[in-house]
Amino acid sequence: MTARLNVNIDHVATVRQARRAPEPSVVAAAMICEQAGADGITIHLRGDRRHIQDADVRLLRESVTTYLNVEMAATEEMVKVAIEIQPDAVSLVPENRGEITTEGGLNVRTNIAIVRAAVNKLRESGIMASLFIDPDPHQIEAAHEVNAQQVELCTAAYAEATLGGRGIHGEGAVRANQELRRLREAAALAAQYGLHVAAGHGLTYRNVGAVARIGEIAEFNIGHNIIARSVFVGLDHAVREMRAAIDAAK
Ligand code: PXP
């Protein structure tokens, strides 16, 4: 079975927010992604609201008919928003002020009480609770301990090793293979614990194939590279190409 693809449309909102303009519409983007074969839509409601706004989450909840996954920090404010809006899934992520993008996975072990409380509240209200973590056995064990239903393995270190041809030979290839091994082992361990396994961050048309061959990974959350490509080929085409890149790997 090939993995599901949730398209992260944060950067459609980034373009809109650059001018505080009404366009481009995130709802229109979500509809195009769904028509192009996306299995779901992912958005990140950041504390600083730099791209996705609260109103977007509400509008998307009303219009997305596939699956809506909202990434957020494990704060009381955010969990309250999620419980009110009822996305299908919430992925808890770390958030640091001033970061350009999420910098690695959540440290579940050192934030165990906060994460457990957030997971409990989400699950009680019927929302699937996913934790974005590094491919590290200690974090997987902690995710299991706090009763999460899914882990999303952070592919940033793997993706970084493959950038700009670095993964083709030499040091980049060695590092990319090491990171792939970590992802493979983490996916297997998470599955042994009965956790659903997702993956994402920094994935591209070029590097997604090797990760898509990891059988336990059932879901990808991919944003920046799809939206970047859509500037040149259109969003429908860009989504179809990513779908094809994932399917080709199996
Ligand atoms: N998964 C998580 C948890 C993320 O925070 C992000 C970035 O918002 C993504 C996936 C998508 O990453 P990218 O935009 O690099 O594809």
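Quick summary incoming for the structure in this document. (Residues numbered from 1 in each chain as written. Predicted model: local features only at pLDDT ≥ 70, side-chain atom pairs only at ≥ 80, totals over all residues. Heavy atoms only, no water.)

**Some words on the packing of helix 3 (residues 54-63) against helix 4 (residues 76-85)**
Running from N to C, helix 3 and helix 4 point in directions that differ by 25°, and their axes come no closer than 10 Å. It follows from the interaxial angle that helix 3 and helix 4 lie roughly parallel. The two elements helix 3 and helix 4 cross, and the hand of that crossing is right-handed. From helix 3, Asp54, Val57, Arg58 and Arg61 reach across to helix 4, where they touch Val81, Glu84 and Ile85. Within the contact of helix 3 with helix 4, the residues separate by chemical class into three nonpolar, no polar and four charged. (Axes fitted to C-alpha atoms, helices over the stretch in contact; angles between N-to-C directions. Helix = DSSP H or I, 4+ residues; strand = E, 2+ residues; numbered from the N terminus. Parallel < 35°, antiparallel > 145°, perpendicular 65-115°, else oblique. Left-handed = near helix turned anticlockwise from the far one by under 90°. Contact = heavy atoms within 4.5 Å. Nonpolar A, V, L, I, M, F, W, Y, C, P; charged D, E, K, R; others polar.)

**Remarks on the packing of aromatic side chains**
Enumeration according to the criterion identifies zero aromatic pairs in this entry. A cation sits over an aromatic face here: Arg229 above Tyr205, 5.4 Å from the ring centre. (Phe/Tyr/Trp six-rings, centres within 6.5 Å; stacked < 30°, edge-to-face > 60°. Lys NZ or Arg CZ within 6 Å of the ring centre and 35° of its normal.)

**Brief notes about helix 6 (residues 137-145)**
Among all positions of helix 6, only Gln139, Ile140, Ala142 and Ala143 are buried. For helix 6, the angular spread of the buried residues around the axis is 160°, confining them to a single face. Where helix 6 is buried, its residues meet helix 5 (112-124), strand 5 (128-133), strand 6 (150-154) and helix 8 (170-192). The residue sitting at the N-terminus of helix 6 and contributing the capping side-chain oxygen is Asp136; that oxygen lies 2.8 Å from the backbone nitrogen of His138. (Buried < 20%, exposed > 50% of the residue type's maximum accessible area, 1.4 Å probe, protein only. Arc of directions from axis to C-beta. Polar contact = N/O pair within 3.5 Å; in protein donor to acceptor, adjacent residues only side chain to side chain.)

**Description of the pairing of strand 6**
With five of its five residues buried, strand 6 lies for the most part within the structure. Alternating positions in strand 6 separate into two faces, Gln150, Glu152 and Cys154 on one and Val151 and Leu153 on the other, with burial throughout. Of the strand pairs in this sheet, strand 5 and strand 6 are connected by four bridges, and their pairing is parallel. Of the residues in strand 6, the one forming a bridge with Phe132 is Glu152. A crossover connection joins strand 5 to the parallel strand 6 through helix 6; in handedness this β-α-β unit is right-handed. Direction of pairing for strand 6 relative to strand 7 (residues 196-200): parallel, over a ladder of five bridges. Across the sheet, residue Leu153 finds its bridge partner in strand 7, namely Ala199. (Pairing = 2+ DSSP bridges. Right-handed = clockwise from strand over helix to strand, strands pointing away.)

**Notes on the layout of surface pockets**
Estimated volume of the largest pocket: approximately 690 Å³. Looking at the lining of the largest pocket, the elements with two or more residues in it are helix 1 (10-19), helix 7 (156-162), strand 8 (219-222) and helix 10 (224-233). Grouping the constituent residues of the lining of the largest pocket by class yields eight nonpolar, 15 polar and six charged. (1 Å grid on protein atoms, 1.4 Å probe; cavity = no way out; pocket = protein on both sides within 12 Å on 5 of 7 lines; lining within 4 Å. Points joined across faces, edges and corners; volume = space filled by probe spheres on them.)

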